[in-house]
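Residue strings, one per chain:
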Amino acid sequence: MSLGINEIKTILSEHNLLIKIVPNKNEQFDDVTYDSRNVHNNALFFCKGNFKPEYLTMAKAAGASGYVSEKKYAEGSNLTQIIVNDVQKAMSLIGAAFYRYPENDLFTIAYTGTKGKTTSAYFARSILDNTTNNKTGLLSTIDTIVGNNPDQKFKSHLTTPESLDIFKYMRMAVDNGMTHMVMEVSSQAYKKDRVYGLKYNIGLFLNISPDHIGPNEHPTFADYLHCKEQLLINSDACIINADTDHFEDIYMAAKATTQPEDIYLFSDHDQSLIDNRHPDFIFDSISDTISDNKIKLVSNNKKAKAMKLDGEYKIAVAGDYNESNATSAIIATGLAGANSDDVSNGLATVFVPGRMESYDAKNHGNVYVDYAHNYASMHALLSFLKHGNPDGKVIVVVGSPGNKGEDRRKGFGMALTENADEAFLTTDDPAFEDPAAIVDEIDSYIDHNKVNVHIELDRRLAISKAIHSGDKNSIIVVAGKGRDPYQKINGVDTPYETDSVVVKNVLKGIENE
């Protein structure tokens with residue numbers, strides 16, 4: 001693949017991003033990258049983010065022949081200089097062109113929401129694998145899947161990758177025979193223009209609650225909501241949870257660029273008698289125990305009935321909050337061509353890594369590994385488990401990340417006070433903060449008259465202590481990291497065997513006792 005300077009000039013000019021181009025000998029680029037460690041010969045290098053001039057020096061030494069930036073750098077002398085007023089937007093547009101607009105060859109389903117994105121994306125992909133004969137890719141918080149071979153599935157580093165990576169993965173998916181792509185789109189993806197110019201066939205808005213508010217993320221809740229709404233504005237068809245907070249604002253955002261007949265609403269009850277939401281689909285819970293989950297989906301109007309998706313569906317992942325996630329996936333995949341048999345097979349067999357993974361700890365109860373990482377998801381998880389096991393203790397292992405989502409700490413304290421009996425506070429991606437200080441902040445929001453609190457910063461040891469503290473009626477929840485194989489400590493991704501593996505190792509030790 002290659003991209004010429006004239007095409008770049010046209011693209012940037014059309015979007016009013018180009019300030020000037022100072023060409024050198026090179027008129028064609030054979031690679032694009034923003035990482036100086038990954039530069040190949042004749043590459044176009046993007047000076048973005050926390051950029052340091054020495055990165056450009058490294059890129060030049062490795063063979064870069066041009067760079068894109070918002071200012072001229074002496075380190076880039078003798079290179080083609082492309083000066084723009086917004087390097088993130090320019091990178092997304094140039095990336096799409098370099099990889100020959102792969103999104104045009106994929107049916108794209110994109111999810112946003114404070115909670116449930118990952119689970120819903122896995123639900124949708126599992127269904128579509130039946131529809132497409134395993135030709136559905138995935139860009140998620142957990143996994144990136146661009147093909148069916150083992151080397152075409154790998155762990156993700158961001159919920160939504162940088163734009164160059166998105167288009168590279170999409171091109172790989174197309175070249176590997178994929179026809180559909182399910183992806184998560186975070187609010188930061190819009191805040192940082194990682195998906196600038198990208199359009200989706202279907203955009204889904206699951207819910208909104210305060211999260212990711214802080215100096216390094218969104219300055220206000222209004223900004224957070226605005227960024228999430230951009231997904232609907234950039235989608236051909238929109239699916240919205242009619243039960244979400246701020247529904248009217250969200251619906252109007254969708255309606256700004258999408259005809260009402262291409263907007264689909266779903267709810268767990270008929271709101272038409274209460275207000276003007278009129279859900280197209282209504283789902284009812286048939287079973288929502290800690291081991292079994294089944295819903296009934298009913299069409300509420302002619303538009304919905306035409307999709308022929310009415311029926312009862314078993315969901316392989318427990319949790320009453322997953323009923324809404326499953327409903328979103330049913331509607332989205334129905335619009336993508338799935339039938340009710342595809343839905344049944346996909347939901348009944350889906351596996352979501354790090355989501356409600358259940359392990360039998362024998363005389364120590366049942367252990368659940370879950371990615372719950374904010375108040376909304378933690379409250380939903382713990383209240384569900386407490387309701388399903390009212391006579392047993394709920395024991396929770398949890399920490400909170402450093403340098404982001406600082407409001408989560410209060411949320412965890414609230415959720416633990418509401419539904420936990422015992423808590424083991426520990427380390428979870430402290431970044432550049434002191435993990436002990438993070439834990440102390442969470443602890444300050446817990447009512448110690450209701451919750452017995454332990455502090456153990458060694459996460460492996462905290463998990464072990466929590467499991468050993470349970471009896472045969474207990475539920476032990478290991479929350480926050482799921483199958484994340486790293487702890488982010490002082491800017492370094494420090495290998496961590498994942499909560500799932502730690503739990504399995506503890507249980508092996510119990511068997512050998």
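Up top you'll find the structure we're talking about.
An account of the accompanying structure is given in this report. Small disclaimer: the values here were computed from a predicted structure and weren't measured.

### Notes on helix α11 (residues 340-349)
Buried within α11 we find Asp-342, Val-343, Gly-346 and Leu-347. Projected onto a plane normal to the axis of α11, the buried residues spread over an arc of 115 degrees and lie on a single side. Every exposed residue of α11 that faces more than 90 degrees away from the buried side is listed here: Asp-341 and Thr-349. Looking at the buried residues of α11, the elements they touch are α4 (117-132), β18 (311-314) and α10 (322-335). Two or three places before Asp-341, at the opening of α11, Asn-339 has a side-chain oxygen 3.0 Å from that residue's backbone nitrogen.

### What to know about the sheet that holds strand β13 (residues 200-205)
The strand order across the open sheet built from 11 strands is β11-β10-β9-β12-β8-β13-β14-β15-β16-β17-β18, with neighbouring strands paired in mixed fashion. Two strands in the sheet have a free side with no partner beyond their single neighbour: β11 (153-155) and β18. The average undirected angle you get between the axes of adjacent strands in this sheet is 20 degrees. Pairing between strand β9 (residues 136-139) and strand β12 (residues 180-184): 4 bridges, direction parallel. If you follow Leu-139 over to β12, its bridge partner there is Met-183. Across the sheet, helix α7 (residues 221-233) touches β8 (107-112), β13 and β14 (235-241), and the angle it forms with β13 is around 145 degrees. Lying on the sheet, α10 is in contact with β8, β13, β14, β15 (263-267), β16 (281-288), β17 (293-299) and β18; it crosses β17 at an angle near 50 degrees.

### Here's the deal with the sheet that holds strand β6 (residues 64-69)
The mixed open sheet is built from 5 strands, whose spatial order is β2-β7-β6-β5-β4. At either end of the open sheet lies a strand with only one pairing partner, and these are β2 (18-22) and β4 (31-33). Sheet twist, expressed as the average angle between the axes of neighbouring strands with direction ignored, equals 15 degrees. Bridge count between β2 and strand β7 (residues 80-84): 4 bridges; the pairing is antiparallel. When the sheet's bridge partners are listed, Lys-20 is paired in β7 with Ile-83. Packing of helix α3 (residues 87-98) onto the sheet brings it into contact with β4, β5 (43-46), β6 and β7, and relative to β5 it is tilted by some 155 degrees.

Parameters at a glance
Residues numbered from 1 in each chain as written. Predicted model: local features only at pLDDT ≥ 70, side-chain atom pairs only at ≥ 80, totals over all residues. Heavy atoms only, no water. Buried < 20%, exposed > 50% of the residue type's maximum accessible area, 1.4 Å probe, protein only. Helix = DSSP H or I, 4+ residues; strand = E, 2+ residues; numbered from the N terminus. Arc of directions from axis to C-beta. Contact = heavy atoms within 4.5 Å. Polar contact = N/O pair within 3.5 Å; in protein donor to acceptor, adjacent residues only side chain to side chain. Pairing = 2+ DSSP bridges. Axes fitted to C-alpha atoms, helices over the stretch in contact; angles between N-to-C directions.

Geometry only, nothing functional implied.
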